[in-house]
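Structure assessment
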Amino acid sequence: MSKGKLLINLEPKQGFNDVFRIGNYGMNLTSFGILKLAQGTSYKANTGEFEVALVLLGGKCSVKGADFSFDEVGRRKNPFDGAPHTVYLPRRTEYEVVAITDVEIAVNEAPATRDTAKPTVITPEETRTFSIGRDNFTRNATVILDEKFDSEHFYIGEGMIPSGNWSGYPSHRHDIDNPPEEIDMEETYFYMFNPSQGFGIQKVYTPDGRIDETYTVKNYDTVAIAEGYHPLCGAPGYQMYYLWTMSGKNNRGLISSMDPDHKWVVGK
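Described in the following lines is the structure provided in the data block. For clarity, every value in this text was computed on a predicted model and none was experimentally measured.

1. Considering the pairing of strand S10 (residues 103-111)
Taken across its 9 residues, S10 has 8 buried, putting it largely inside the fold. One ladder, built from 7 bridges, connects strand S3 (residues 31-37) with S10; its direction is antiparallel. Of the residues in S10, the one forming a bridge with Leu-35 is Ile-105. Pairing analysis gives 8 bridges linking strand S5 (residues 50-58) to S10, with the strands arranged antiparallel. Looking at the pairing, Ala-53 lines up with Asn-108 of S10.

2. Side note on the side chain of Thr-86
Looking at the element boundaries, Thr-86 is found in strand S8 (residues 86-89). When its relative accessible area of 1% is taken as the criterion, Thr-86 is described as buried.

3. Description of the sheet that holds strand S7 (residues 68-73)
Reading across from one edge, S4-S9-S6-S7 is the order of the 4 strands in this open sheet, with antiparallel pairing throughout. Strand pairing shows two members of the sheet lacking a second neighbour, strand S4 (42-46) and S7, which therefore form its edges. Across the sheet, the mean angle from the axis of one strand to that of its neighbour is 10°, orientation sign disregarded. Relative to strand S9 (residues 94-99), strand S6 (residues 61-65) runs antiparallel, the two being bridged by 4 bridges. Opposite Cys-61, over in S9, you have Ala-99 as the bridge partner.

4. As for the packing of aromatic side chains
In the structure shown here, the tally under the stated rule is 16 aromatic pairs. Aromatic side chains Phe-80 and Tyr-241 sit 6.2 Å apart centroid to centroid with 70° between the ring planes, which places their arrangement in the edge-to-face category. Here the residue Phe-80 occupies a position in the loop between S7 and S8, and Tyr-241 occupies one in strand S22 (residues 239-248), the gap between them amounting to 161 residues. We classify Tyr-241 as buried; its relative accessible area is 0%. An aromatic cluster of at least three residues, connected via ring pairs, comprises Tyr-189, Tyr-191, Phe-193 and Tyr-242.

5. Some thoughts on unusual backbone geometry
Glycine aside, residues mostly have negative phi, and peptide bonds are mostly found in the trans state. For the bond running from Tyr-169 to Pro-170, omega is -5°, close enough to zero to count as cis. Residue position: Pro-170 is located in the loop between strand S15 (166-167) and strand S16 (172-173). For the peptide bond that leads from Pro-179 to Pro-180, omega is 10°, which places it in the cis range. By the element assignment, Pro-180 lies in the loop between S16 and strand S17 (185-194). Backbone geometry places Tyr-220, a non-glycine residue, at a positive phi of 70°. Assignment of secondary structure puts Tyr-220 in the loop between strand S19 (212-217) and strand S20 (221-225). With relative accessibility at 8%, the residue Tyr-220 sits in the buried group.

Here is what the cut-offs are and how they apply
Residues numbered from 1 in each chain as written. Predicted model: local features only at pLDDT ≥ 70, side-chain atom pairs only at ≥ 80, totals over all residues. Heavy atoms only, no water. Buried < 20%, exposed > 50% of the residue type's maximum accessible area, 1.4 Å probe, protein only. Helix = DSSP H or I, 4+ residues; strand = E, 2+ residues; numbered from the N terminus. Pairing = 2+ DSSP bridges. Axes fitted to C-alpha atoms, helices over the stretch in contact; angles between N-to-C directions. Phe/Tyr/Trp six-rings, centres within 6.5 Å; stacked < 30°, edge-to-face > 60°.

Here it is, written out as structure tokens:
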């Protein structure tokens, strides 16, 4: 991946809004976008040669296809209102999303070379939430779809950072397949804030300095992380939410290596 801007902003309009597609920003396994629908409107698509994960950011909808019908998906009003519903769709699947209320959905796509799990709703009760870190790098992580689920590439979850805290710290990376120490997985971070005018800081850097970027991230920003360490922090006074979608070529899991310069913080 060449050095350059890895931050993309898209305040969603009605319909499907691409943030980026395969091949952009050094990402070979990851496409991401936001689907925004007003109550009573709909969106039709075919997954084609991709597996798709629809994470409901807020609102309710139905998702239907030839062989499945999920009549009411979604519960929370926004990402700060509990864990999400997620709809997983395998390759070569036609589907229609109909908005029961106004709804916003994060659309994750990854190329699929095999048939994976059938269309599935992952409910909030099927996710798991736990606390990571301590002091001012404490945050909550909610795992939505992990290596136990029959997906070819996805490992998806959400992070919630309290006022003024850090996440992804000590700085970690996962761009080399060297299990059990590290797994090669691309990642996107999609951000929202409460109140909405909040902001945070995202760092992406490689050990050799080829990439050394620092971004101010705001509502509806997305950062593409094909490689490198990627810590982040939120401004005091605001809750900072981020959806993290990792896509692994050969392996999946929460397995990363820490920047040796900062690893000592864990044992302090």
